[in-house]
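Fold and geometry: a report
One letter stands for each residue in the lines below.
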Amino acid sequence: MIEKPKFEARFLLPKYWLTWLGVGLLYLISWLPYRWQLAMGRGLGNLFYKFVPRRADIARRNLELCFPDKTAAEVEKLVAKNMKNTGVAFFETGMAWWWPDWRIRRKLHVHGVEHLEAALQEGKGVLLLLFHFLSLEVHARLHGFVQPAVGLYRPHNNAVMEFLQTRGRGRSNKYMIPRTDVRSMMEAIAQGEIAGYLPDQDYGRRRTVFAPFFAVEQTSTTTGTLLFAAHENCAVLPVTCFRRDDGSGYDMTFYPEFENFPTGDDVADVTRVNQMVEYAVMQCPEQYLWVHRRFKTRPNESDPDLYRR
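Residues numbered from 1 in each chain as written. Predicted model: local features only at pLDDT ≥ 70, side-chain atom pairs only at ≥ 80, totals over all residues. Heavy atoms only, no water.

An unreviewed UniProt entry annotates the protein as Lipid A biosynthesis acyltransferase originating from Pseudidiomarina atlantica. Under the heading Function (unreviewed entry), UniProt records this for the protein: "Catalyzes the transfer of an acyl chain from an acyl-[acyl-carrier-protein] (ACP) to a Kdo(2)-lipid IV(A) to form a Kdo(2)-(acyl)-lipid IV(A)." (UniProt positions renumbered as here; feature names shortened; annotations may be inferred.)

Dropping the structure here:
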């Protein structure tokens, strides 16, 4: 468990000055009108698309693998939209970390919260399945206005960024748990907490099985979901959060609890999780984190690299 960190004198060392400069600029921008920041983000995303080809190439390849029936033109159109949304996500980080409650709360539109309430009324802990959509930082902040939660996360290598992200993500929630601290996550569930978990990235070969994800039949998929879900006090609920196209805020939707989960069949169980991710992605594909190399781990180490042309 990570409590909210305190400021340390070492954060003022010269090696962090560029970090503070960038953070200070983002902080100032965060006070601009929301629609201005959306426009700036789309502009930044256009720059990513044109001048950071590696990330656009990863997104393009992921889309080709997932949707082989799409034409090259359809894929390219989606890549361009996705990069714009990637730029918006940069400014959403500032909104999530520094906006006052009154400003960000009015952007929240909640649906299906009765599913979460039903699980809590039964006295269960909740394993909340979140997915890597580009508004994830805002999602974490907004969730605290529904029910404060704990979150599993990857600590940042930069001490200043670790300080800022932990404080920012904890503003309306409870505390953070490093992703390797399985015991603390299990304890949180046992104590009836809502614990956020992201099951939709390639975490390598450890605690992994290969299951279908879109058109890729053998996708490295974590079994960490099943480890936590097997706790006797655990309810598993998916939740999504999408940015509205009209600039009026974010739709956060809670889905019904997974029944009879896990079953003991790891491949079938993670396939079910992947199918939920697919359902979420198809609602708003341009806002998904396609720039992650989702298919980098292959079933056999001798299998060809899917990202090497």
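What about the UniProt feature "transmembrane region" (unreviewed entry) in the protein?
According to UniProt, the "transmembrane region" (unreviewed entry) feature falls on residues 16–34. Secondary structure content for residues 16–34 is 74% helix and 0% strand, and the end C-alpha separation is 29 Å. (Helix = DSSP H or I, 4+ residues; strand = E, 2+ residues; numbered from the N terminus.)

Description of the packing of aromatic side chains
Scanning the entire structure with this criterion turns up 21 aromatic pairs. Aromatic pair Tyr 34 and Tyr 250: ring centres 6.2 Å apart, planes at 65°, arrangement edge-to-face. Residue Tyr 34 is located in helix α2 (residues 34–51), and its partner Tyr 250 is located in strand β9 (residues 250–254); the two are separated by 216 residues in the primary sequence. Judged by its relative accessible area of 6%, Tyr 34 falls in the buried class. Note on Tyr 250: relative accessible area 2%, which makes it buried. Relative to Trp 290, the ring of Phe 214 has its centre 6.5 Å away and its plane inclined at 45°; by these criteria the two rings are tilted. One end of the pair, Phe 214, is in the loop between β6 (208–213) and β7 (216–222); the other, Trp 290, is in the segment after α11 (266–283), with 76 residues separating them in the sequence. Judged by relative accessible area, Phe 214 falls into the buried class, the value being 17%. (Phe/Tyr/Trp six-rings, centres within 6.5 Å; stacked < 30°, edge-to-face > 60°. Buried < 20%, exposed > 50% of the residue type's maximum accessible area, 1.4 Å probe, protein only.)

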